[in-house]
Amino acid sequence: MACFSCPTRTVAVVLISLLFMISTSIDVSASNFYQDFDITWGDGRAKVLNNGELLTLSLDKASGSGFQSKNEYLFGKIDMQLKLVPGNSAGTVTAYYLSSQGSTHDEIDFEFLGNLSGDPYIVHTNVYTQGKGSREQQFYLWFNPTADFHTYSVLWNPQTIIFYVDGTPIRVFKNSESQGVPYPKNQPMRVYASLWNADDWATRGGLVKTDWTKAPFTAAFRNFTATACVWSTGKSSCSSTNSNSTKNSWLSQELDSASQARLKWVQNNYMVYNYCTDTKRFPQGLPPECTLINS
C-alpha cells in the first residue's frame, strides 16, 4: 500500500542509517499555524483562528484553498487532527499529504473523498516514488469523521511508511528496494493540505456531482506535530549520535504484533479497494511489491 530479511536489503538499510551520522531528531510541535505553515492559495478561503491553534479551509464554486509547511522533512512522524466537511460533501476532496517537488517527486497521501449525507467518507491513500503512484488503497472509517477531530498520522523512516488513524495502523508500505521497488528516501518533503472540487472522480467515480447550494464547504485542522528530521540548506537536523535514543525510536520503528493485529482488523473489515488485488487494472501483472510481504 518482501523479502524483508534479504542480505542486500540489510546492507542498504545500514548504508541509509549512515546518513544520520551527521545529525538529532527534533520535536517540532506546531500548535501555532502562523509559525509553521504558509497559506498558499484560496484568496482568503483559508483562515487561521484561535491565535494560531486552528486552521480552516473552505471551498466554493470559484475556488478551494490550501496550505503548506514552512519546513521540509526527510523522515519523520507527522500527526494532524482533522474534522472533515459535514453533511453532503459529495464531489469534495480534503487532502493531507507529504510531497517533494518535480516530475520525479515522492509523495505520501491521505485524501478524504466526500459523499452524500449519511454515506461514509472514503479514505484514499497512495504512495508515489520517483514520480510514479498508482498504489491506491481505500478504506471506510469506523467513526463519523465530521462529528469531531481525529488524528491522522504518517510514520516515514528508512524501513517503512505506516498510515495511522487515531493511532491504529491502516496501511504499511515497506522498503523493498532489494526487490527493485523504489522507496522515498532521498527527497525532502513538505506537509500540504487542501480542500478542492474533484467531482469528476471523487464520489462514485464522478457520478455524483458537487451540490454548490451547500457551499461553502469547510474542513478544520489542529494539533499538528512533527517528530522529524528537518531538512535545511542541504542538511538534516538529525544526528546519529542520538539516533538510538528513546526520543528517536521512530527512526527504526515497525509494527509490533499488537499493531499488526489491528492492521489486519482494519484491512479485513474496512478496506474497500486495494491496487494489489486489481488484476483487471494490471493485466500484465501486479506491481512487484504486491507479491511481497508488505502488500
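Each remark here, short or long, concerns the structure printed above.
So, how was this worked out
- Residues numbered from 1 in each chain as written.
- Predicted model: local features only at pLDDT ≥ 70, side-chain atom pairs only at ≥ 80, totals over all residues.
- Heavy atoms only, no water.
- Core = buried A, V, L, I, M, F, W, Y, C linked by side-chain atoms within 4.5 Å.
- Buried < 20%, exposed > 50% of the residue type's maximum accessible area, 1.4 Å probe, protein only.
- Helix = DSSP H or I, 4+ residues; strand = E, 2+ residues; numbered from the N terminus.
- Contact = heavy atoms within 4.5 Å.
- Disulfide = S-S within 2.5 Å.
- Pairing = 2+ DSSP bridges.

Here the focus is the nonpolar core. The biggest cluster of nonpolar side chains holds 63 residues, and the ones touching the most others in it are F110 and W156. With eight residues, strand β15 (residues 217-232) is the single largest residue contributor to this core. Look past the residues within four positions of W156 in its chain and what remains in contact with it is Y73, L74, F75, G76, L98, I108, I161, Y183, P184, Q187, M189 and W250. L113, I122, A198 and A202 belong to the second-largest nonpolar core, a separate cluster that totals five residues.

Time to look at the state of the cysteines. As enumerated under the stated definition, the model contains two disulfides in all. The partner cysteine of C229 in its disulfide is C238, sulfur to sulfur 1.9 Å. One disulfide, between C229 and C238, carries an S-S torsion of -100° and so falls in the left-handed class. Considered together, C229 and C238 belong to a single accessibility category, that of buried residues. The side chain of C276 participates in a disulfide bridge whose partner is C290; the two sulfur atoms lie 2.0 Å from each other. The sign of the S-S torsion, about -75°, decides the handedness of the disulfide formed by C276 and C290: left-handed. In this pair, C276 is assigned in the segment after β17 (271-274) and C290 in the segment after β17, connecting sequence segments 14 residues apart. The class for C290 is buried, based on a relative accessible area of 11%.

Once that is clear, we can look at the pairing of strand β9 (residues 122-128). Counted residue by residue, β9 has six buried out of seven residues, so it is predominantly covered. Sheet topology places strand β8 (residues 107-113) next to β9; seven bridges connect them, and they run antiparallel. Opposite D109, over in β9, you have N126 as the bridge partner. Sheet analysis places β9 next to strand β10 (residues 137-139), joined by three bridges and oriented antiparallel. Counted as the bridge partner of H124 is Q138 from β10.

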